[in-house]
Amino acid sequence: MATPRLELHPDRLLPPDPEARAIARRLYGLVEKLPIVSPHGHTDPRWYAYDQPFPDPATLFVVPDHYIFRMLYSQGANLADLGVPRLDGEPIEQDPRKIWRRFAEHYYLFRGTPTRAWLDHSFATLFDLDVRLTAETADHYYDRIAERLAQPAYRPRALFERFNIEVIATTESPTDPLDAHKAIRASGWKGRVITAFRPDPVVDPEFENFPVNIARLSDLSGIDATNWDGYLDALRNRRAYFKSFGATSTDHGHPTARTCDLSRAECERLFGLAITGRCVGEEAEMFRGQMLTEMARMSLDDGLVMQIHPGSFRSHNPQLFASNGRDMGADIPTRTDYVHALKPMLDLFGNERDLTIILFTLDETAYSRELAPLAGHYPALRLGPAWWFHDAPHGMRRFRELTTETAGFYNTVGFNDDTRAFCSIPARHDVARRVDCAYLAELVAGRRLDEDEAAEVAVDLAYNLAKTAYRL
Ligand SMILES: [Zn+2]
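Rules behind the numbers
- Counting starts from 1 at the beginning of each chain's written sequence and moves along it residue by residue.
- In view of the model being predicted, local features appear only for residues whose pLDDT reaches at least 70, and side-chain atom pairs are presented and counted only at 80 or more, with totals across whole chains, interfaces and linings using the full set of residues.
- To obtain the side-chain values, all non-hydrogen atoms of the structure were included, while hydrogens and water were left out.
- Two strands form a pair only when DSSP identifies at least two bridges running between them.
- In this text, helices come from DSSP runs of H or I with a minimum length of four residues, and strands from runs of E with a minimum of two, each type numbered from the N-terminal end.
- Water is absent from the atoms considered, so a metal site may look incomplete; donors are defined as N, O and S atoms within 2.8 Å of the metal, or 3.2 Å for Na, K and Ca.
- The buried label goes to any residue with under 20% of its type's maximum accessible area, the exposed label to any with over 50%, and the partly exposed label to all in between, with areas taken from a 1.4 Å probe on protein chains only.
- Here an angle of 0 to 180 degrees is reported between the N-to-C directions of two axes, which are lines fitted to C-alpha atoms, with helices fitted over the stretch in contact.
- Contacts were defined at the residue level, with two residues in contact if any of their heavy atoms lie within 4.5 Å.
- Residues enter patches when their relative accessible area tops 30% and they take part in no salt bridge; the joining distance is 9 Å for like charges and 5 Å for the nonpolar side chains Val, Leu, Ile, Met, Phe, Trp and Tyr.
- All accessible areas in this document rest on Shrake-Rupley with a 1.4 Å probe, and a residue is counted as covered only by the protein chains that are shown.
- Between Lys or Arg on one side and Asp or Glu on the other, a salt bridge is scored when a side-chain nitrogen of the former is within 4 Å of a carboxyl oxygen of the latter.
- We count Lys and Arg on the positive side and Asp and Glu on the negative side, and we leave His and both chain ends out.
- We put the charge of a Lys on NZ, of an Arg on CZ, of an Asp on CG and of a Glu on CD.
- To estimate how far a helix should reach, multiply one less than its number of residues by 1.5 Å.
- Geometric relationships in this document are graded by angle, where less than 35 degrees denotes roughly parallel, more than 145 denotes roughly antiparallel, 65 to 115 denotes roughly perpendicular, and other angles denote oblique.
- Less than a right angle of anticlockwise turn of the near helix away from the far helix marks a crossing as left-handed, whereas a clockwise turn marks it as right-handed.
- Classification used: nonpolar for Ala, Val, Leu, Ile, Met, Phe, Trp, Tyr, Cys and Pro, charged for Asp, Glu, Lys and Arg, polar for all others including Gly.
- Only buried Ala, Val, Leu, Ile, Met, Phe, Trp, Tyr and Cys residues count toward a nonpolar core, and they belong to the same one when joined by side-chain atoms within 4.5 Å.

For the rest of this paragraph, the subject is the sheet that holds strand E1 (residues 36-38). Ordered by their spatial adjacency, three strands build an open sheet running E1-E2-E3, and the pairing between neighbours is parallel. Each edge of the open sheet is held by one strand with a lone partner, namely E1 and strand E3 (193-194).

This is the structure:
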């Protein structure tokens, strides 16, 4: 049997109806080559700082990507056989070619998933592969990718430029000294890599090692963060430090969207419990809720845009958490309330025109019932793009269908690739651009929007809105 071909169809994700497809092609032509603005993601700043070659195909594509290994795990694969590091130092597969072969044997599991589309896009456009990845082609793939990764054109900075990235944000904890960002600055390289302030380790009393993290916050800020006022000052200090490395945003990954407006005495009491490791359950939830409100207050002062990514039940699998730690593909979405949860914060700051709070969800039932009406009213609120499990063609489509008629396009903020997988960045932005152009083309074909307006919206969704919303 002939080896199956790998081909990216030029009309992929565009409407099947010929009239709408022709409009979509024209709109896509306007946005296809626009620079990438990536205001939220999880790439490693050391890549840009030290510009070392990516070591091998498995380390680039498989080992760090929980989208990939969660699927293999769900089908009975052992993470150690995929080279995923364990906390206890038990042996894991060291041979990247063996890891790659295991991945290739299971590539069929990704049929119909966005991961498959992102990977195929990278394989075809970046590595000029023209056959499908299968067990039979695994070594051909490995050799081609390994050979390319050894070339200067495949180093992180060269890829950054090839991807036409205008700006990319990484995400760091306040307990991070930002050494990689310092090194990027010191190197004189002109790529724009900025940080974003993600304070979960120091605002969530249930985060691993919270009291230790607070001690580190004191050290790094030079401010005693073991009392409530000092703690808030230390956070202000670190926000300013992050701003000096280009940060324009904060990011909050809380289990819920709960916000609180507690009395000072109550804040001090909860903080006292937290720094001694005794703030758990409902009290931890109240503390996190108060801290979202405090972060909004600080954002009003320092201008950092606030992102709230709630509703993930992190590390749902306790055995896997014990053996491998966080971010192992065991984070599961939960039902998420926004209308009641955000009210204490919105009562204080919802009408502020100088504050931007970007809301994300893993609970799609909230789009039309809660999120679009909230963002379609409060000046401080915007809607973040389809996130994580929903960052996929149908998920993006549902986002537009469930929000546009209430919140319009201009209460949304463009696209986030939100990725750790560097090579997937162009693919992810391309998918978002195609899906938005398809949606707009159908509005035009349905005589609901003129094509010149759709053209303007397409460019705004692909480029301008992210820059405006994130103050880039
Ligand atoms: Zn993220």
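Now that the structure has been shown, we can carry on.
Here the zinc ion is held by the protein donor atoms His40 (NE2), His42 (NE2) and Asp418 (OD), which lie 2.0 to 2.1 Å from it. For the zinc ion, all donor residues lie on one chain, and their spacing in sequence is H-x1-H-x375-D. Linking histidine 42 in the loop between E1 and helix H2 (45-50) with aspartate 418 in the loop between helix H18 (393-407) and helix H19 (425-445), this pair joins segments that are 376 residues apart in sequence. Look at histidine 42 and you get partly exposed, because its relative accessible area is 22%. The exposure class assigned to aspartate 418 is buried, which follows from its relative accessible area of 16%.

Take the sheet that holds strand E5 (residues 305-308) next. Pairing is parallel across the open sheet formed by four strands, whose spatial order is E4-E5-E8-E9. A strand with exactly one partner marks an edge of an open sheet, and here the two such strands are strand E4 (249-252) and strand E9 (381-383). With direction set aside, neighbouring strand axes in the sheet form an average angle of 25°. Helix-sheet contacts for helix H17 (residues 366-375) involve strand E8 (357-359) and E9, and the interaxial angle to E9 is about 130°.

On to the environment of glutamate 32. As for its placement among the helices and strands, glutamate 32 is situated in the loop between helix H1 (18-31) and E1. A residue is classified by how much of its surface remains accessible, and glutamate 32, at 38% relative accessible area, is partly exposed. Taking C-alpha positions, glutamate 32 is 49 Å from phenylalanine 271, a pair spaced 239 residues apart along the chain.

Right, let's get into a negative patch on the surface. A contiguous patch of negative charge on the surface is contributed by Asp450, Asp452, Glu453 and Glu456. Position of glutamate 456 among the secondary structure elements: in helix H20 (residues 451-469).

Take helix H6 (residues 114-127) next. An ideal rise of 1.5 Å per residue puts 20 Å on 14 residues; H6 measures up with 19 Å between its terminal C-alpha atoms. Counting buried positions along H6 gives twelve out of 14 residues, so the element sits mostly inside the fold. Among all positions in H6, only Pro114, Thr115, Arg116, Trp118, Leu119, Asp120, His121, Ser122, Phe123, Ala124, Leu126 and Phe127 are buried. With its phi angle positive at about 50°, aspartate 128 sits one or two positions after the end of H6.

To continue, consider the packing of H17 against H18. Look at H17 against H18: their axes get within 9 Å of each other, and the N-to-C directions meet at 40°. The angle between the axes of H17 and H18 places the two elements in the oblique class. Where H17 crosses over H18, the handedness of that crossing is right-handed. On the side of H17, the interface is formed by Tyr367, Ser368, Ala372 and Pro373, while H18 contributes Phe399, Leu402, Thr403, Thr406 and Ala407. For the contact of H17 with H18, a count of residues per class yields six nonpolar, three polar and no charged.

Turning our eyes to something else, we now look at the nonpolar core. Of all hydrophobic cores here, the largest spans 73 residues; its most connected members are Tyr231, Leu235, Met291 and Leu342. Per-element tally for this core: the top contributor is helix H14 (residues 281-302), with eight residues. Counting 54 residues, the second largest nonpolar core, distinct from the first, contains Val63, Leu79, Phe110 and Leu129.

This paragraph deals with the pattern of salt bridges. Charged atoms that come close allow side chains of opposite charge to pair. Tallied over the full model, the rule gives 42 salt bridges. In this structure, the salt-bridge partner of arginine 97 is aspartate 143, at a minimum N-O distance of 2.6 Å. Remark: aspartate 143 occurs in helix H7 (residues 138-149) and arginine 97 occurs in helix H5 (residues 96-105); sequence separation between them is 46 residues. Using a relative accessible area of 39% as the deciding quantity, one classes aspartate 143 as partly exposed. Residues aspartate 430 and arginine 434 are paired through a salt bridge, measuring 2.8 Å at the closest nitrogen-oxygen approach. Taken together, the positions of aspartate 430 and arginine 434, both in helix H19 and four residues apart, correspond to about one turn of that helix. By the burial criterion, aspartate 430 is buried, and arginine 434 matches it.

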